[in-house]
Amino acid sequence: MPTRRLEREDLIAGLRELVERLKLSGDSASIRIDWLNDNATIFIPTLGKVPEWQPIYDDSHVSVWVLSAEALLAMKLMANRPGRDEDDIAALMTICGLATIDDADTLIDEYFPGDALSDRGLRMLTGILRQGLPERSPEPAEFRIG
Amino acid sequence: MAQSVLINNARRASGLTQQALSARTGVAETAVSSIENGRDARLSTVERLLAGSHHSLIAIPSTRASAAEIAGHIRAAVKSKRPAEAARSFIQLNDNLAAEHNEGRYGLGLTEPAPTGIKHWDAALAGLVAYRLGEEGFPAPTWTTRASRKLKKAWTFNTGTYLTPVNRSAVPAEFLERGILIDADTLRSV
């Protein structure tokens with residue numbers, strides 16, 4: 001029975017496999033990728049600050065881009081799913097150098113102008129800050145996925 | 001699903017000890033134990049042990065991990081004191097169920113999972129299967145309605161580090177009646 005935790009290496013291995021499948025198929029539309037969920041699109045900022053996408057892999061057939069930590073944090077703050085987003089929000093607050101509710105509100109306003117932290121989001125962030133943010137993890141090493 | 005999980009779950013669901021299953025089937029008790037611990041067995045032996053537990057093999061039209069398999073992951077995470085991993089496995093089952101429809105979804109929730117070692121996970125698994133199967137218009141499997149799958153004192157879903165209080169009005173009925181406080185939004189993929 002597999003009991004491993006989902007680690008960074010698992011994500012990299014998954015991306016490698018995906019890139020390989022896309023290359024082999026020659027037709028990205030033929031691959032079913034249900035972990036890229038359409039529901040997420042409502043949280044991708046469209047009106048405010050343009051979210052920075054950083055390429056982590058690019059060849060003539062396949063390119064893989066990731067959102068910046070700031071944009072991810074803004075999305076997570078907007079989603080604020082209890083029991084699911086706290087760990088990510090705490091880690092991203094540390095990575096982005098943010099430490100207060102005002103910092104979080106300012107970030108949301110940059111990416112989602114006119115929006116603010118919901119009551120539930122405020123409850124979540126208050127709890128996170130009361131308990132304390134984690135220490136920043138070491139910078140990840142370079143990796144190759146294709 | 002691994003043979004070991006199939007047989008262990010079926011035997012437990014029927015309330016049999018390994019000794020009793022051995023006596024019913026003629027398979028040595030040491031063999032029952034080692035198969036449940038991961039030793040490969042012939043298909044005919046697996047079928048005999050399942051029949052002795054009042055179960056039979058079926059093929060489910062899905063390759064995603066079922067409730068019984070995910071419960072095994074949760075049990076391992078609980079044993080190694082990794083609550084965040086248990087929570088992630090639970091969310092994985094949620095995503096697996098949401099991704100399947102009709103008989104594929106029902107199949108993932110059909111087999112009763114063995115106890116995880118933590119009552120709130122046993123109740124949460126039952127709530128999740130009842131909730132996701134209910135979405136497709138299926139009745140909740142009997143195992144999800146057992147008293148052992150209901151908490152006397154409510155538990156709020158969390159990963160072990162931070163805990164955000166949940167508004168009861170946002171909790172689906174299938175969870176609320178089992179004492180699990182989880183916001184419906186937590187079950188959404190983002």
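Residues numbered from 1 in each chain as written. Chains lettered and ligands numbered in written order. Predicted model: local features only at pLDDT ≥ 70, side-chain atom pairs only at ≥ 80, totals over all residues. Heavy atoms only, no water.

**Q** For this particular structure, what's the right way to read the overall build of chain B?
**A** Along chain B, the regular secondary structure elements total 9 helices and 2 strands. Burial statistics for chain B: of 190 residues in total, 51% are counted as buried. Put simply, of all contacts in chain B between residues at least 6 apart along the chain, 71% involve residues at least 24 apart. About 8800 Å² of surface is accessible on chain B, with carbon and sulfur atoms providing 50% of the total. (Helix = DSSP H or I, 4+ residues; strand = E, 2+ residues; numbered from the N terminus. Buried < 20%, exposed > 50% of the residue type's maximum accessible area, 1.4 Å probe, protein only. Contact = heavy atoms within 4.5 Å. Areas by Shrake-Rupley, 256 points an atom, 1.4 Å probe, with all protein chains shown as cover.)

**Q** Which parts of the structure should I look at to understand the side chain of Ser 22 of chain B?
**A** Here Ser 22 of chain B lies in helix α2 (residues 18-25). When sequence neighbours within four positions are dropped, the list of residues in contact with Ser 22 of chain B reads Val 27, Ala 28, Glu 29 and Val 32 of chain B.

**Q** Honestly, helix α2 (residues 69-79) of chain A in this entry has me stumped. Any pointers?
**A** Think of an α-helix as 3.6 residues a turn; residues three or four steps apart then line up on the same face. All names here are of chain A. Three or more residues of α2 are buried, namely Ala 71, Leu 73, Ala 74, Met 75, Lys 76, Leu 77 and Ala 79. Looking at the packing, one finds that the buried side of α2 touches β2 (63-67), α3 (86-96), α4 (101-111) and α5 (119-131). Directly after α2, the chain includes Asn 80, whose backbone phi takes a positive value near 30°.

**Q** Honestly, the pairing of strand β1 (residues 53-58) of chain A in this entry has me stumped. Any pointers?
**A** On any regular strand, side chains alternate: one points to one face of the sheet, the next to the other face. All names here are of chain A. Pairing of β1 with β2 involves 5 bridges; the strand directions are antiparallel. Residue Pro 55 lies in a different strand from β2, and its bridge partner there is Trp 65. A loop of 4 residues connects β1 with β2, the two strands running antiparallel in sequence. (Pairing = 2+ DSSP bridges.)

**Q** For this particular structure, what's the right way to read the nonpolar core?
**A** Counting residues in each nonpolar core, the largest one holds 33 residues, and the members touching the most others are Phe 90, Trp 121, Phe 157, Phe 175 and Ile 180 of chain B. For this core, the elements supplying multiple residues, two or more each, are α5 (67-79), α6 (83-99), α8 (119-135) and β2 (180-181) of chain B. Ignoring any residue separated from it by four or fewer positions in sequence, one finds Trp 121 of chain B in contact with Ile 74, Val 78, Pro 83, Ala 86, Ala 87, Phe 90, Thr 116, Trp 155 and Phe 157 of chain B. Leu 73, Leu 77 and Ala 104 of chain A together with Tyr 162 of chain B belong to the second largest nonpolar core, which has 22 residues in total. (Core = buried A, V, L, I, M, F, W, Y, C linked by side-chain atoms within 4.5 Å.)

**Q** Could you clarify how one ought to interpret the packing of aromatic side chains in this entry?
**A** One pair of aromatic rings is described through two measures. These are the centre distance and the angle between the planes. Residue and element names in this part refer to chain B. Counted by the stated rule, this structure contains 7 aromatic pairs over all chains. Ring centres 5.4 Å apart and planes at 40° place the aromatic pair Phe 90 and Phe 157 in the tilted group. You can see Phe 90 sitting in helix α6 and its partner Phe 157 sitting in the loop between β1 (155-156) and α9 (173-176), a full 67 residues away along the chain. For the pair formed by Phe 90 and Phe 157, the shared burial category is buried. Taken together, the ring pairs in this structure connect Phe 90, Trp 121, Trp 155 and Phe 157 into an aromatic cluster. (Phe/Tyr/Trp six-rings, centres within 6.5 Å; stacked < 30°, edge-to-face > 60°.)

**Q** Which parts of the structure should I look at to understand the environment of Ile 95 of chain A?
**A** All names here are of chain A. Here Ile 95 lies in helix α3. Using a relative accessible area of 38% as the deciding quantity, one classes Ile 95 as partly exposed. Spatially, the C-alpha atom of Ile 95 lies 8.6 Å from that of Glu 70, the residues being 25 residues apart in sequence. Setting aside its immediate chain neighbours within four residues, Ile 95 contacts Ala 69 and Arg 136.

**Q** What am I meant to see in the side chain of Ser 89 of chain B here?
**A** All names here are of chain B. Following the sequence through the fold, Ser 89 ends up in helix α6. Given a relative accessible area of 11%, Ser 89 falls into the buried group. Setting aside its immediate chain neighbours within four residues, Ser 89 contacts Ile 70, His 73 and Ile 74.

**Q** Would you mind showing me how to read α6 of chain B here?
**A** Residues and elements named next belong to chain B. Helix length check: α6 (17 residues) gives 24 Å between terminal C-alpha atoms against 24 Å at 1.5 Å per residue, within 8%. Taken as a whole, α6 has its buried residues at Ala 84, Glu 85, Ala 86, Ala 87, Ser 89, Phe 90, Ile 91, Leu 93, Asn 94, Asn 96 and Leu 97. Those residues of α6 hidden inside the fold are in contact with α5, α7 (102-110), α8 and α9. (Expected span 1.5 Å × (residues − 1).)

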